[in-house]
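# Architecture and fold: a report
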Amino acid sequence: MDAIFLQILNGLDKGGAYALIALGLTLVFGTLGVVNFAHGAIFMMGAFCAVTLEKILTLSVRVKDESVTFFDAYKETPYLEVWFGETGKAIIDWSVPLSIILAIPVMLLIGIVMERSLIRYFYKRPHAEQILVTFGLAIVLQELVKSFFGANPIPQGAPDIVAGSAAIGAVFGLGESVVYPWWRLIYLAFSLLTIGLVFSFLHFTTYGMVVRAGMADRETVELLGINIERRFTIVFGIAAVVAGLAGVMYTPVLPPDYHLGMDFLVLSFVVVVVGGMGSLPGAVLAGFLLGILQSFSSMTEVKDIFPGIDQIIIYLVAVVILLTRPRGLMGRRGVMES
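Calculation criteria
- Residues numbered from 1 in each chain as written.
- Predicted model: local features only at pLDDT ≥ 70, side-chain atom pairs only at ≥ 80, totals over all residues.
- Heavy atoms only, no water.
- Phe/Tyr/Trp six-rings, centres within 6.5 Å; stacked < 30°, edge-to-face > 60°.
- Helix = DSSP H or I, 4+ residues; strand = E, 2+ residues; numbered from the N terminus.
- Buried < 20%, exposed > 50% of the residue type's maximum accessible area, 1.4 Å probe, protein only.
- Expected span 1.5 Å × (residues − 1).
- Contact = heavy atoms within 4.5 Å.
- Core = buried A, V, L, I, M, F, W, Y, C linked by side-chain atoms within 4.5 Å.
- Axes fitted to C-alpha atoms, helices over the stretch in contact; angles between N-to-C directions.
- Parallel < 35°, antiparallel > 145°, perpendicular 65-115°, else oblique.
- Salt bridge = Lys/Arg side-chain N within 4 Å of Asp/Glu carboxyl O.

## Some points on the packing of aromatic side chains
Tallied over the entire structure, the rule returns 12 aromatic pairs. With 6.1 Å between their ring centres and 65° between their planes, F37 and F135 make a pair best called edge-to-face. Residue F37 is located in the loop between α1 (2-32) and α2 (39-57), and its partner F135 is located in helix α6 (residues 127-149); the two are separated by 98 residues in the primary sequence. Under the relative-accessibility criterion, F135 is labelled partly exposed at 34%.

Structure below.
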């Protein structure tokens, strides 16, 4: 029972990342009709917003080490620690959550520039051309990151106060021995909060309602005198922010490298296909379901029977879905069925 509970948590945690990236992909496809293969690179760039801020906050100066009394010794000390003491240390310790403040405007700007300078010219082009150009853009972005930050993963630490594990077994009556990392629980809560905010924006604000109307019938909305193209540009920026924030908060879980976006991109597209192209609820549902399924398939007992099943289980599910229900679990009738 303990193992099953932990695998469910692992699946929800991983599914949160899948759902956030797939949500952004579905927003772009549902509004602009664009298959954006650069979305994984946006997730990666969000992660490197955290890396960048951490590097800025830890800029150091050589100061005399007072603990050495026999000769003059110097050590590298961050400017923040020199200037603000313990407060400076706390700011550095909380660099990952603070990266959200940097990531929101940066990712919004990247998304808007990307849409205005490139994506807009491919709205009515075949999906194959959209895939080629956005995949090429993803390669360019990851090579730029590689040239600036190198090819090796760059570990990012969670704040010390949440760096350990929570005794969640006691909360659910499973015993004190059942523990789970605090940051993974925080990431799961962050994923649910972000998903809730996106859905609230689309369903309970006038701006979001117009966007949903444009997704359903763009021509009619334009006939009402609404500049739906401008709103779709903002939606592209919002999708970039969602993916970027998912990347920021995931850095303590998985140290980011330049290939991070590609690793998550393919899985996220599978999630979108399983949930249904253009279906936001489907993307979220499929993200969490496939995350849980992948978590259970990684158990030793399962791999002993089906070696390597954890590497292919998501793709097997996608094949079954495409053969039996091409529009996905919650996709609109007619989508991908012709």
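Structure's up, so let's keep going.
## Observations regarding helix α11 (residues 228-250)
End to end, α11 covers 33 Å across 23 residues, agreeing with the expected 33 Å (1.5 Å per residue, within 8%). With 18 of 23 residues buried, α11 is to be regarded as a mostly interior element.

## Some points on the side chain of H39
Residue placement: H39 occurs in helix α2. Leave out the neighbours within four places in its chain, and H39 touches I21, G24, L25, A239, A240 and A243.

## Focus on the nonpolar core
Of all hydrophobic cores here, the largest spans 90 residues; its most connected members are M114, I195 and F264. Of all the elements, α11 adds the most residues to this core, at 14 residues. Residues F5, L9, A166 and V178 belong to the second largest nonpolar core, which totals six residues.

## Overview of the packing of α1 against α11
It is the contact of α1 with α11, at a shortest axis distance of 9 Å, that shows an interaxial angle of 170°. Considering their axes alone, α1 and α11 lie roughly antiparallel with respect to each other. Of the residues in α11, those touching α1 at A17, L20, G24, L27, V28, T31 and L32 are F232, V235, F236, A239, V242, A246 and Y250.

## Considering the pattern of salt bridges
Side chains that carry opposite charge are capable of pairing whenever their charged atoms lie near each other. Taken as a whole, this structure holds seven salt bridges when the rule is applied. One salt bridge in this structure joins K89 and E81, with 3.8 Å as the shortest N-O distance. The exposure class assigned to K89 is partly exposed, which follows from its relative accessible area of 38%. Classification of E81 as partly exposed rests on a relative accessible area of 27%. R116 is paired through a salt bridge with E229; the nearest N and O atoms lie 3.1 Å apart. Of the two residues, R116 sits in helix α5 (residues 95-117) while E229 sits in helix α11, which places them 113 residues apart along the sequence. For R116, a relative accessible area of 28% translates into the label partly exposed. You can call E229 partly exposed: its relative accessible area is 28%. Where salt bridges share partners, they join E115, R116, R120 and E229 into one cluster.

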